[in-house]
Amino acid sequence: MRVRASFLLFLLIGSLFTVKASSHINTNYNENDVLHGDGKMNNGNARYQELYEEHRSLRTREIQRRLTRNHGYTSTEISSMIHKSELVHVLTSEVLEDERKKRNDLYRKQGWHMFFTFVIAAVIYVTAPVWIQAYDIISVNLVVFTDRKRHEASRVYEIGSFWGYVGFLILAVLEGLSFWLSVTVMLSWVMRPKPWFFPTPSIPIRPGALLNSATGGNPANRTGLAGYAMNCGPMAVSWGLRYLNGVVQGFMGRALSSAQKAKKKAQKEAKRRKRTPEEREARRAEKMKRNAKSNAQDEAAINDASKA
């Protein structure tokens, strides 16, 4: 059901894209000059008569100017047409031919848009299980990430460590930079560099040049395979961010552990100070009783061992 829903949704988006592209094509000329009525070619004689009457009302010089500027007629060809009716007929025929070409061009572009829409929709339909699985993986990882961050924030808030807050903010910045870098690397495969891309250094490594130097060739040669290089700058930046992330996590863990120990110690000290003298005596007596019982058990164990 999810596959069919995605397929229908994509068909709808493709249809809207086709309509939008068609409307963009039609902005180059008047749509009424290309499609008439139901979109099919009307009676040629009727359209011819309509254009003929329209052009016959023009001045001869205007007709000659249109033939020269819009249809590429030379002055020699125009001068060979003596009567105005010949000029009107030629201009009408040229306009009809332009309309036919524009109509065919419009139909062809619409057909190609529809073809590519259905091809892409078919690909999406076939690969829908992969996209669904990818969506499930991304959603699960997002839930795990948000739960982990929520737990870290709650622990920092409960313990109330200043350095814990600092470490949490630094981790958030580092993870944001890592996400920015990942998005930049993925988009760099299909897009040209943009100003908002992550600023990564260029560290090219050319395996072909290394092979040239190993075989006695010129390592500075950039022809052939030696001209291809792999940019290791994003990998170096990603490694650096992961290393800093581990360092900050360790620092944050130690800070939270120290703060928690100090908090427990302060709680015990406050609880000890709140005890009454009677409670202190009762705890002292209970402690002495436990020690006496433990000493008696040790002596019994020693006697048993000596008898054996």
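Residues numbered from 1 in each chain as written. Predicted model: local features only at pLDDT ≥ 70, side-chain atom pairs only at ≥ 80, totals over all residues. Heavy atoms only, no water.

Enquirer: Whenever I open this one, the overall build of the chain confuses me. Can you help?
Expert: Looking only at helices and strands, the chain features ten helices and two strands. The order of α-helices and β-strands along the chain, N terminus first, is α-α-α-α-α-α-α-β-α-β-α-α. In the chain, which comprises 308 residues, the share counted as buried stands at 21%. Sequence-distant contacts in the chain: of pairs separated by 6 or more residues, those separated by 24 or more amount to 67%. Summed over all atoms, the accessible surface of the chain reaches about 23100 Å², with 62% contributed by carbon and sulfur. (Helix = DSSP H or I, 4+ residues; strand = E, 2+ residues; numbered from the N terminus. Buried < 20%, exposed > 50% of the residue type's maximum accessible area, 1.4 Å probe, protein only. Contact = heavy atoms within 4.5 Å. Areas by Shrake-Rupley, 256 points an atom, 1.4 Å probe, with all protein chains shown as cover.)

Enquirer: Explain the packing of helix 3 (residues 60-71) against helix 5 (residues 84-126) to me, please; I cannot follow it from the model alone.
Expert: Packed helices, taken two at a time, are described by their axes: the angle between them and the distance between them. Put simply, helix 3 and helix 5 touch, their axes get as near as 10 Å, and they point 35 degrees apart. Helix 3 and helix 5 meet at a crossing whose hand is left-handed. Of the residues in helix 5, those touching helix 3 at Thr 60, Ile 63, Gln 64, Arg 66, Leu 67 and His 71 are Lys 84, Leu 87, Val 88, Val 90, Leu 91, Glu 94, Val 95 and Asp 98. Classifying every residue of the contact of helix 3 with helix 5 gives seven nonpolar, three polar and four charged. (Axes fitted to C-alpha atoms, helices over the stretch in contact; angles between N-to-C directions. Left-handed = near helix turned anticlockwise from the far one by under 90°. Nonpolar A, V, L, I, M, F, W, Y, C, P; charged D, E, K, R; others polar.)

Enquirer: Can you help me understand the environment of Val 90 in this one?
Expert: Mapped onto the secondary structure, Val 90 falls in helix 5. Val 90 gets classed as buried once you look at its relative accessible area, which sits at 16%. The spatial distance from the C-alpha of Val 90 to the C-alpha of Ile 63 is 9.5 Å, given a sequence separation of 27 residues.

Enquirer: Would you explain the packing of aromatic side chains in this entry?
Expert: Applying the stated rule across the entire model yields nine aromatic pairs. Here the aromatic rings of Trp 112 and Phe 116 are separated by 5.7 Å at their centres, their planes lie at 25 degrees, and the arrangement is stacked. Of this pair, Trp 112 and Phe 116 both sit in helix 5, four residues apart, roughly one helical turn. Ring centres of Trp 196 and Phe 197 lie 4.8 Å apart, and the angle between their planes is 85 degrees; this geometry places the pair in the edge-to-face category. Given the relative accessible area of 46%, Trp 196 is considered partly exposed. (Phe/Tyr/Trp six-rings, centres within 6.5 Å; stacked < 30°, edge-to-face > 60°.)

Enquirer: Just checking my understanding: could you explain the pattern of salt bridges for this structure?
Expert: Pairs may arise between side chains of opposite charge once their charged atoms sit close together. Using the criterion set out here, one finds 15 salt bridges in the structure. In this structure, the salt-bridge partner of Glu 62 is Arg 65, at a minimum N-O distance of 2.5 Å. Linking Glu 62 with Arg 65, this pair stays in helix 3, spanning three residues, or about one helical turn. Overall, the relative accessible area of 23% leaves Glu 62 in the partly exposed class. Where Glu 152 meets Lys 149, a salt bridge forms, and the shortest distance between an N and an O atom there is 3.1 Å. You can see Glu 152 and its partner Lys 149 sitting in helix 6 (residues 128-159), three residues apart, about one turn around the helix. You'll find Glu 152 and Lys 149 in the same group, each marked buried. Here the residues in one salt-bridge network are Arg 148, Lys 149, Glu 152 and Glu 175, joined through shared partners. (Salt bridge = Lys/Arg side-chain N within 4 Å of Asp/Glu carboxyl O.)

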